[in-house]
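Residues per chain are reported as follows:
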Amino acid sequence: MIELGKKQILTIVKKVDFGVYLADTSESHGTSENDAERVLLPAKQVPEDAQLNDDLTVFVYRDSKDRLIATTKEPMMEVGEFALLTVKEVSKIGAFLDWGLEKDLLLPYKEQTTAVKPGDKCLAALYVDKSGRLCATMKVYHYLSTDSPYHKDDKVEGLVYEVSKNFGTFVAVDDRYSALIPKSEPEAGLKPGDRICARVTQVKEDGKLSLSIREKAYIQMNADAEKLLGIVESRGGELPVGDKSDPELIREKTGMSKNEFKRAAGSLYKQRLIVIEKDCIRKL
């Protein structure tokens, strides 16, 4: 059986001026050159010494007229796989990605987790849509691997591919392993396409990784203190949040949780850089 979107070994069953026809001539499919399930390999890709009954490794996709066609070129992925691809152009029906073949790959708008533009790189998986066409999707969660070599507290790099209000920020570590920055993590303004460095906080039973872009508390405290002092200075030396402020207000004004804010403010207070009042902190 000829499989769309897959590399496979097919046999030359007919030679014509414009190429050769290939078919699956394994025992279960017969060897007739009139077999209805054949695919054309254009002449420019046929090896010079190719003969009838020769086997060729090809990839099968659809040409610009939606006809099945074979190629000896290797695409960057097959159906069920994913790769980091470059956006070539954007049209009314979606974006078109360079995946190594003459015909660019369609990324429909409904399969985009964020708007893309020419030159952007996005992590995308290959699938066959309901009409039998090959398409790309940025919703790669179910395609990512869960057998990473990483352990708790390891430092990793990854690509943000989706941001969810319900779950958090989805990351493909090394562009291949499934990971999540939980929504409990302070807002960092991350968006799909961002490259990040993070720390593994947990390896779950199913192999997925939980990440944090923050250091451990005792390390992060110094960074938070510097950040908080910078915010106070940028506001003329006074920030309208204090020990008794609502956690959401603290997060809005500083990007920190209430505990992180209190640790940072406490550090600055001990250094006699600020005073802490009920509803504000002021630089000394």
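The shown structure was predicted, so the numbers you read here are calculated from the model rather than taken from an experiment.

Colleague: Help me understand the sheet that holds strand S16 (residues 238-239), please; the structure alone is not making it clear to me.
Modeller: By definition, the strands of a sheet pair up through backbone hydrogen bonds, in either a parallel or an antiparallel sense. Ordered in space as S16-S18-S17, the three strands form an open sheet in which the pairing is antiparallel. Pairing within the sheet leaves two strands with one partner each, and these edge strands are S16 and strand S17 (274-276). Judged from the three bridges that link them, S17 and strand S18 (residues 281-283) form a sheet pairing that is antiparallel. Paired with Ile 274 across the bridge in S18 is Lys 283.

Colleague: Is there a simple way to think about the nonpolar core in this case?
Modeller: Across soluble globular proteins, nonpolar side chains show a tendency to be buried alongside one another. Ranked by internal contacts, the top residues of the largest apolar core, which has 21 residues, are Leu 85, Leu 97, Trp 99, Leu 105, Leu 107 and Leu 134. For this core, the elements supplying multiple residues, two or more each, are strand S4 (55-62), strand S6 (82-90), strand S7 (94-98), strand S8 (105-108), strand S9 (121-128) and strand S10 (134-137). Not counting chain neighbours up to four residues away, the residues in contact with Leu 97 comprise Leu 85, Thr 86, Val 87, Lys 88, Asp 104, Leu 105, Leu 107, Cys 122, Ala 124 and Ala 136. Of all hydrophobic cores here, the second largest spans 15 residues; its members include Val 232, Ile 250, Met 256 and Phe 261.

Colleague: I would appreciate a short explanation of the sheet that holds S7 in the present structure.
Modeller: Reading across the sheet, the five strands line up as S8-S7-S6-S9-S10 and stay open at both edges, with antiparallel pairing between neighbours. Looking at strand neighbours, the two that pair on one side only are S8 and S10, the edges of this open sheet. With strand direction ignored, the average angle separating the axes of adjacent strands in the sheet is 55 degrees. Examined bridge by bridge, S6 and S7 share four bridges and lie antiparallel to one another. Note that in S7 the partner of Val 90 across the bridge is Ala 95.

Colleague: I'm lost on the confidence of the model for the protein in this one. Help?
Modeller: For residues with low pLDDT, the predicted coordinates do not support detailed interpretation. With 93% of its residues at a pLDDT of 70 or more, the protein shows a mean pLDDT of 88. The least confident element of the protein, judged by mean pLDDT, is helix H1 (residues 217-234) at 74; the most confident is S7 at 97. In the predicted structure, residues 29-34 sits below a pLDDT of 50 and forms eight contacts with residues beyond four places in sequence or in another chain.

Colleague: Would you explain helix H3 (residues 258-270) in this entry?
Modeller: Helical geometry: 3.6 residues make up each α-helical turn, so side chains three or four residues apart lie on a common side. Look at H3: 18 Å from first C-alpha to last across 13 residues, which is about the 18 Å you get at 1.5 Å a residue. Residues of H3 that are buried include every one of Glu 260, Phe 261, Ala 264, Ala 265, Ser 267 and Leu 268, and no others. With its buried residues spanning 155 degrees around the axis, H3 presents them on a single face. Turned more than 90 degrees off the buried face of H3, the exposed positions are Asn 259 and Lys 270.

Colleague: How do you make sense of the layout of surface pockets when you look at a structure like this?
Modeller: To find the voids left in a structure, one rolls a probe of water-molecule size over its atoms. Put simply, the second largest pocket is a space of about 210 Å³. Along its surface, the second largest pocket is lined by 13 residues, and Lys 103, Asp 104, Leu 106, Arg 133 and Leu 134 are the ones closest to its centre. Elements represented by at least two residues in the lining of the second largest pocket include exactly S4, S8 and S10.

Colleague: So what exactly am I meant to see when it comes to the packing of aromatic side chains here?
Modeller: Each aromatic ring pair is described using two quantities: the centre-to-centre distance and the angle formed by the ring planes. Going through the model one piece at a time under the given rule, you end up with eight aromatic pairs. Ring centres of Phe 18 and Tyr 21 lie 6.4 Å apart, and the angle between their planes is 85 degrees; this geometry places the pair in the edge-to-face category. For Phe 18, a relative accessible area of 47% gives the class partly exposed. Tyr 21 sits in the partly exposed class, given a relative accessible area of 21%. Between Tyr 61 and Trp 99 the ring centres are 6.4 Å apart and the planes differ by 85 degrees, which places this aromatic pair in the edge-to-face class. With Tyr 61 in strand S4 and Trp 99 in the loop between S7 and S8, the pair connects residues that are 38 residues apart, well separated along the chain. Residue classification places Tyr 61 among the buried residues on the basis of a relative accessible area of 8%.

Colleague: Where do I start with unusual backbone geometry in this structure?
Modeller: Peptide bonds are mostly trans, and most non-glycine residues show a negative phi. One non-glycine residue, Asn 53, lies in the positive phi region at around 75 degrees. Along the chain, Asn 53 turns up in the loop between strand S3 (39-42) and S4. Residue class for Asn 53 comes out exposed when judged on its relative accessible area of 62%. Phi at Asp 66 is positive, roughly 65 degrees, even though this residue is not glycine.

Basis of the calculations
Residues numbered from 1 in each chain as written. Predicted model: local features only at pLDDT ≥ 70, side-chain atom pairs only at ≥ 80, totals over all residues. Heavy atoms only, no water. Pairing = 2+ DSSP bridges. Helix = DSSP H or I, 4+ residues; strand = E, 2+ residues; numbered from the N terminus. Core = buried A, V, L, I, M, F, W, Y, C linked by side-chain atoms within 4.5 Å. Buried < 20%, exposed > 50% of the residue type's maximum accessible area, 1.4 Å probe, protein only. Contact = heavy atoms within 4.5 Å. Axes fitted to C-alpha atoms, helices over the stretch in contact; angles between N-to-C directions. pLDDT = per-residue confidence, 0-100. Expected span 1.5 Å × (residues − 1). Arc of directions from axis to C-beta. 1 Å grid on protein atoms, 1.4 Å probe; cavity = no way out; pocket = protein on both sides within 12 Å on 5 of 7 lines; lining within 4 Å. Points joined across faces, edges and corners; volume = space filled by probe spheres on them. Phe/Tyr/Trp six-rings, centres within 6.5 Å; stacked < 30°, edge-to-face > 60°.

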